[in-house]
Amino acid sequence: MAVHNYDVVVIGTGPAGESAAINAAKHGMRVAIIEKQAQVGGNCTHWGTIPSKALRHQVKQIMAFNTNRMFRDIGEPRWFSFPKVMERSRGTIDKQVEMRTTFYARNRIDLFHGVARFKDEHTVVVRDRQEGMEELVAKKIVIATGSRPYRPADINFRHPRIYCSDTILSLSHTPRTLVIFGAGVIGCEYASIFSGLGVKVDLINNRDSLLSFLDDEISDALSYHLRKHGVLIRHNEEYESVEGDEAGVVVRLKSGKKIRADAFLWANGRTGNTDSLGLENIGLEANGRGQLSVDEHYRTSIPHIYAAGDVIGWPSLASAAYDQGLNSCNELLEKEYRFVSDVPTGIYTIPEISSFGPNERELTEAKVPYEVGKAFFKDTARAQITGDTVGMLKILFHQDTLEILGIHCFGDQASEILHIGMAIMQQEGKANTLKYFVNTTFNYPTMAEAYRVAAQNGLNRVF
């Protein structure tokens with residue numbers, strides 16, 4: 001068995017692993033990274049963020065064509081199959097893989113393909129698909145293995161009509177009806193995508209509202225627009241059984257309801273990819289969801305072994321994973337680092353949602369004297385030009401100091417628009433003020449204009 005020595009070994013080539021490995025290499029460390037799949041990128045590139053968002057973009061373009069009266073001169077609304085749309089989305093995945101493979105070569109990071117397993121606290125054994133073994137010995141190790149969909153044992157995911165959020169991307173037909181169990185971020189995003197393709201969707205939620213961590217007004221708007229596109233939302237439901245047959249799937253709920261559909265998508269929870277790491281060999285233990293606990297330095301209970309990304313749980317976002325990987329590496333390099341705690345929410349439904357900071361409910365419970373400034377996209381010139389008039393920007397600010405406390409956005413490009421407000425919120429002292437948006441000239445027409453409108457709307461409420 002070949003033995004290789006490194007300063008840092010990273011397990012996983014998703015966002016957290018990539019940023020940790022490149023950061024270490026940039027600082028002169030000898031680095032190796034391990035990927036169990038044939039291509040780099042991790043779940044983010046192949047089954048999560050990239051394919052689902054690329055798929056969403058294609059569906060959004062179809063919806064724009066089918067609803068814009070100008071295109072009726074070209075022809076009638078068109079129907080597109082799911083496999084056809086997914087095929088177009090795969091081009092983005094290929095570009096991502098090519099780009100990220102180049103990153104490792106350019107930074108002289110050794111890439112090993114195979115399953116990683118701890119031999120001891122400083123040694124990782126990599127087993128490739130031909131059962132070949134290589135031993136990597138390192139001073140520091142970063143676990144960034146990501147997560148996969150949680151699959152309850154009483155649902156037969158081998159049935160050809162029962163899917164999880166990974167396998168749904170290989171769907172070979174377009175169902176007429178679809179049941180999605182789980183109305184979290186992933187469930188709501190896929191409800192938007194499939195309803196945009198004309199599929200009748202039943203969205204089963206085991207809570208009493210959609211995405212309850214959002215501002216109530218934003219959550220209500222999402223519910224309204226999902227229903228407008230034909231999604232039937234069922235709250236406070238739990239499944240009794242999910243049974244597939246040749247014609248489709250029957251879902252029995254504990255409330256006594258029965259639902260039949262052409263296909264079923266499970267989108268309720270994720271599990272950390274730690275079961276094949278051999279953690280028992282080094283005395284580490286994952287929790288019931290397969291996740292590892294870390295301290296504020298991203299260290300596990302073994303000081304030279306770090307963990308970052310989805311494998312440590314919250315917030316399980318690609319954006320946060322990049323920063324977590326970067327900062328876990330900064331800590332092991334004894335560089336300036338930060339523990340990632342404040343992250344924006346980006347939800348790619350149609351229309352999309354993004355927020356940063358507390359919502360109205362949380363500020364009220366905390367007895368913070370806040371005020372609200374709103375701008376509706378239908379009143380902005382840019383939205384009127386593009387036709388994306390659905391949505392709003394909401395700024396929450398302190399009544400007395402005008403300090404911006406939270407930004408909440410719903411509508412086209414919400415995740416982009418949010419960053420402007422975030423940048424001001426992150427300023428220290430008096431630089432974080434609502435007046436910035438009134439005293440600053442923005443390009444016109446742009447969606448950034450919504451900040452000026454919302455700021456003026458909010459200041460009109462202050463006395």
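All values derive from a computational prediction rather than experimental measurement.

Draft legend 1. Region of the structure containing helix α10 (residues 414-425). Spanning twelve residues, α10 covers 17 Å between terminal C-alpha atoms, matching the ideal 16 Å at 1.5 Å per step. Within α10 the residues assigned to the buried category are Ala-414, Ser-415, Ile-417, Leu-418, Gly-421, Met-422, Ile-424 and Met-425. The arc that holds every buried residue of α10, seen down its axis, measures 160°, which confines them to one face. Contact partners of the buried residues in α10: β19 (353-356), β22 (404-411), α11 (435-439) and α12 (449-459).

Draft legend 2. Highlighting the packing of helix α3 (residues 49-67) against helix α4 (residues 82-106). For the pair α3 and α4, the least separation of the axes is 8 Å and the interaxial angle reads 130°. The pairing of α3 with α4 is recorded here as oblique in orientation. Seen from above, α3 lies across α4 with right-handed handedness. Taken together, the residues of α4 that come into contact with α3 (itself represented by Ile-50, Pro-51, Ala-54, Leu-55, Gln-58, Val-59 and Ile-62) are Phe-82, Val-85, Met-86, Arg-88, Ser-89, Thr-92, Ile-93 and Gln-96. Looking at the contact of α3 with α4 residue by residue, the class counts come to ten nonpolar, four polar and one charged.

Draft legend 3. Broad picture of the UniProt feature "binding site: NAD(+)" (unreviewed entry) in the protein chain. Under the UniProt annotation, "binding site: NAD(+)" (unreviewed entry) lies at Gly-182, Ala-183, Gly-184, Val-185, Ile-186, Gly-187, Cys-188, Glu-189 and Gly-269. The largest pairwise C-alpha distance within this set of annotated residues, which runs over 88 residues, is 14.2 Å, so the set is compact in three dimensions. Mapped onto the elements, Ile-186 comes out in helix α5 (residues 185-196). Its relative accessible area of 28% is what places Ile-186 among the partly exposed residues. Every residue in contact with Ile-186, bar those within four places of it in the chain, is listed here: Ser-165, Ala-267 and Arg-270. Overall, Glu-189 belongs to the buried group, its relative accessible area being 5%. Among all residues touching Glu-189, those that are not within four sequence positions of it are Lys-53, Gly-346, Ile-347, Tyr-348 and Thr-349.

Draft legend 4. Representation of α4 within the structure. Compared with an ideal rise of 1.5 Å per residue, which puts 25 residues at 36 Å, α4 spans 37 Å between its outermost C-alpha atoms and is within 8% of the ideal. Where α4 bends most, the angle comes to about 25°, and this point is Arg-88. When α4 is considered as a whole, its buried residues turn out to be Phe-82, Val-85, Met-86, Ser-89, Ile-93, Gln-96, Val-97, Arg-100, Phe-103 and Tyr-104. Buried residues belonging to α4 abut α1 (15-26), β2 (31-35), α2 (42-46), α3, α5 and α7 (318-332). The N-cap of α4, judged by a side-chain oxygen 3.2 Å from the amide nitrogen of Lys-84 a few residues on, is Ser-81.

Draft legend 5. Expanded view of unusual backbone geometry. Pro-315 follows Trp-314 through a cis peptide bond whose omega is 0°. You can see Pro-315 is positioned in the loop between β17 (305-307) and α7. The linkage connecting Tyr-444 with the following residue, Pro-445, adopts the cis geometry, with an omega of 0°. Topologically, Pro-445 is positioned in the loop between α11 and α12.

Cut-offs and rules
Position numbers for residues start from 1 in each chain and track the written sequence from start to end. Only residues with pLDDT of at least 70 are given local features in this predicted model, and only at 80 or more are side-chain atom pairs given and counted; all residues enter the totals for whole chains, interfaces and linings. Side-chain descriptors were evaluated using all non-hydrogen atoms of the structure, hydrogens and water having been removed beforehand. Numbered from the N terminus, helices here are DSSP runs of H or I no shorter than four residues, and strands are runs of E no shorter than two. Here, expected helix span is obtained from the residue count minus one, scaled by 1.5 Å. Residue exposure (1.4 Å probe, protein chains only): buried if accessible area is under 20% of the type maximum, exposed if over 50%, otherwise partly exposed. It is the directions from the helix axis to the C-beta atoms that the arc portrays. A contact between two residues is defined here by any heavy atoms of the two lying within 4.5 Å. In this analysis, axes come from line fits to C-alpha atoms, helices being fitted only over the stretch in contact, and the angle between any two N-to-C directions falls in the range 0 to 180 degrees. Oblique is the label for any angle not under 35 degrees, not over 145, and not in the 65 to 115 range, which are roughly parallel, roughly antiparallel and roughly perpendicular in turn. Crossings are sorted by hand: turned counterclockwise from the far helix by less than a right angle, the near helix makes the crossing left-handed, and turned clockwise it makes it right-handed. Throughout, the ten residues Ala, Val, Leu, Ile, Met, Phe, Trp, Tyr, Cys and Pro are labelled nonpolar, Asp, Glu, Lys and Arg are labelled charged, and all others, Gly among them, are labelled polar. UniProt positions are given in the numbering used here, feature names are shortened, and annotations may be inferred rather than shown by experiment. The reported bend at a residue is simply the angle between two axes, fitted to the 7 residues ending at it and to the 7 residues beginning with it. Definition of a polar contact: a pair of N or O atoms within 3.5 Å, with one able to donate and the other able to accept a hydrogen when the atoms are protein atoms, and with sequence-neighbouring residues admitted only if both atoms are side-chain atoms.

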